[in-house]
Amino acid sequence: MPPIDISKITLDHIDIPLLKEMGVQLSILRLDKIHPFISGNKWFKIKYHLVDFKKTGSKGIITFGGAWSNHILATACICNMEGIPTIGIIRGEKPIELSDTLKQATEFGMRLEFISRTNYLDRGSSDFIQQIKIDYPGYYLLAEGGAGILGEKGIGEIFQIATLSDFTHIACSIGTATMWNGLLSGKEPNQIIIGVPALKGYTQQSHQKGQILADFHFGGYAKYTSELTRFMNGFYNSTGIPTDFVYTAKMMYAIIDHIRKGMFSPGTKICCIHSGGLQGNNSLPKGSLIF
Ligand SMILES: *Cc1c(COP(=O)(O)O)cnc(C)c1O
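Rules of the game
Starting afresh in each chain, residues are numbered from 1 along the sequence in its written order. Predicted model: local features are reported for residues with pLDDT of at least 70 only, side-chain atom pairs are reported and counted for 80 or more only, and whole-chain, interface and lining totals are derived from all residues. Remark: hydrogens and water are excluded; side-chain values derive from all non-hydrogen atoms of the structure. Any residue with a heavy atom lying within 4 Å of a molecule or strand is counted as near it. In protein, a polar contact requires one atom able to donate a hydrogen and another able to accept it; more generally it is a pair of N or O atoms within 3.5 Å, and residues adjacent in sequence count only if both atoms are side-chain atoms. Per-residue accessibility takes into account occlusion by the displayed protein chains alone, with areas from the Shrake-Rupley method and a 1.4 Å probe. Secondary structure elements are defined from DSSP: runs of H or I of at least 4 residues count as helices, runs of E of at least 2 residues count as strands, and each element is numbered from the N terminus. Within 6.5 Å between ring centres, the rings of Phe, Tyr and Trp (the latter by its six-membered ring) count as paired, and their orientation is classed by plane angle as stacked under 30 degrees, edge-to-face over 60, tilted in between. For every residue, the accessible area (1.4 Å probe, protein chains only) is compared with the maximum for its type, and the residue is labelled buried under 20%, exposed over 50%, or partly exposed between those bounds. Any pair of residues with heavy atoms lying within 4.5 Å of one another is described as a contacting pair. Take a side-chain nitrogen of Lys or Arg and a carboxyl oxygen of Asp or Glu: if they are within 4 Å of each other, that pair is a salt bridge. Two strands qualify as a pair provided that DSSP identifies no fewer than 2 bridges between them.

With that settled, consider the site of the ligand. Taken together, 15 residues lie near the ligand, and Lys42, Asn70, Gly175, Thr176 and Ser275 sit nearest. A distance of 2.7 Å separates a nitrogen atom of the ligand from a polar atom in the side chain of Ser275. Out of a free accessible area of 390 Å², the ligand has 98% covered by protein chains. At the level of secondary structure, the elements contributing two or more residues to the shell around the ligand comprise α2 (40–56), β7 (169–174) and α9 (178–186).

Quick look at the structure:
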């Protein structure tokens with residue numbers, strides 16, 4: 001297993017005619033390059049939870065996710081590298097054939113426990129958490145997606161990797177909003193953080209904290225259209241950068257769309273965070289993508 005390698009992160013400058021035309025600069029911070037299984041932002045979000053786990057002296061880590069979860073795979077891989085027993089509580093009944101993600105997590109030694117979608121909805125409640133503590137005594141409960149203050153603290157370290165202070169805007173995808181919160185805490189006073197929710201239900205917002213572009217969820221979480229996959233192929237063709245359909249493609253689509261519509265004034269410098277997640281593309285029908 002290769003180690004996590006922060007030095008692999010690059011800040012790629014994008015050079016497409018639209019940008020010159022609109023006078024906007026666009027770069028992409030490639031967190032996706034740090035590891036094949038520990039996807040981009042998940043490492044930063046899990047990092048301090050891991051430190052906390054070690055302090056508690058718990059015997060293992062238990063966490064949650066869906067069948068194609070980047071977080072489940074990242075946790076399984078980190079625990080494998082660290083020799084930590086781990087259990088994944090997976091949303092939905094056990095399928096006849098496991099997804100590629102869950103197969104890989106099992107190979108890393110993660111024990112999977114499937115629960116119904118209805119029960120899964122309850123995972124934040126104190127009753128549920130109490131039951132987990134009874135059922136799996138001595139296990140450290142890692143919030144889904146590495147959420148919480150510890151996750152946000154890890155995200156703050158992204159500012160130490162590359163010089164981001166020159167950018168007027170930093171854009172990221174929003175799932176649990178841990179990355180978004182971490183970026184808001186660490187940004188320069190004048191920088192604007194643009195968040196593009198991967199889920200339905202957000203409203204368009206613009207205030208001093210940042211800007212939410214809520215209309216680019218393409219139907220909801222992990223939903224997509226042929227327009228999105230066409231965009232992903234086109235973006236790959238013109239930049240050589242692969243995106244994932246759940247998070248980063250929706251963010252890039254939103255940013256390019258807003259540039260095209262002249263929503264950014266000339267001189268704007270945007271940095272998009274490539275938060276990884278490429279393994280999730282394996283859930284798409286074969287042939288959907290050219291990369
Ligand atoms: C988990 C994930 C996100 C969402 O991050 P949050 O901190 O949960 O908002 C974005 N992009 C990728 C690739 C992810 O795996």
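Using the criterion set out here, one finds 10 aromatic pairs in the structure. Taken together, a centroid distance of 5.8 Å and an interplanar angle of 75° make the contact between Phe53 and Tyr140 edge-to-face. Taken as a pair, Phe53 in helix α2 and Tyr140 in strand β6 (residues 139–141) lie far apart in primary sequence, 87 residues in all. For the pair Phe53 and Tyr140, a shared accessibility class is recorded, and that class is buried. Put simply, the rings of Phe216, Phe218, Phe231, Phe235 and Tyr253 pair up and form one aromatic cluster.

Our focus in this paragraph is the side chain of His169. Looking at the secondary structure, you find His169 in strand β7. A polar side-chain atom of His169 sits 2.8 Å from a polar atom in the side chain of Thr168. Here His169 is in contact with Ile192, Ile194, Phe264, Thr268, Lys269, Ile270 and Cys271, once residues within four sequence places are set aside.

This model, assessed by the stated rule, comprises eight salt bridges. The salt bridge involving Arg30 is made with Asp12; its shortest N-O contact spans 2.9 Å. Linking Arg30 in strand β2 (residues 25–30) with Asp12 in strand β1 (residues 11–13), this pair joins segments that are 18 residues apart in sequence. Between Glu82 and Lys54 there is a salt bridge, with its nearest N and O atoms 2.8 Å apart. Here the residue Glu82 occupies a position in helix α3 (residues 70–82), and Lys54 occupies one in helix α2, the gap between them amounting to 28 residues. Ionic contacts of the salt-bridge type, sharing partners, join the residues Asp12, Arg30 and Asp32 into one network.

For Ser173, the position within the fold is in strand β7. The class for Ser173 is buried, based on a relative accessible area of 4%. Not counting chain neighbours up to four residues away, the residues in contact with Ser173 comprise Met179, Val196, Ala198, Tyr247 and Met251.

Right, let's get into the pairing of strand β11 (residues 269–274). Of all six residues in β11, five are buried, a share of seventy percent or more. Two strands pair when backbone bridges link them, and β2 and β11 are joined in this way by six bridges, in the parallel orientation. When the sheet's bridge partners are listed, Ile28 is paired in β11 with Cys272.

Moving on to the environment of Ile90. Within the secondary structure, Ile90 is located in strand β4 (residues 86–91). Spatially, the C-alpha atoms of Ile90 and Ser69 are 9.2 Å apart, while their sequence positions differ by 21 residues. Those residues in contact with Ile90 that sit more than four places away from it in its chain are Gly65, Gly66, Ala67, Ile72, Leu102, Leu112, Glu113, Phe114, Ile115 and Tyr120.

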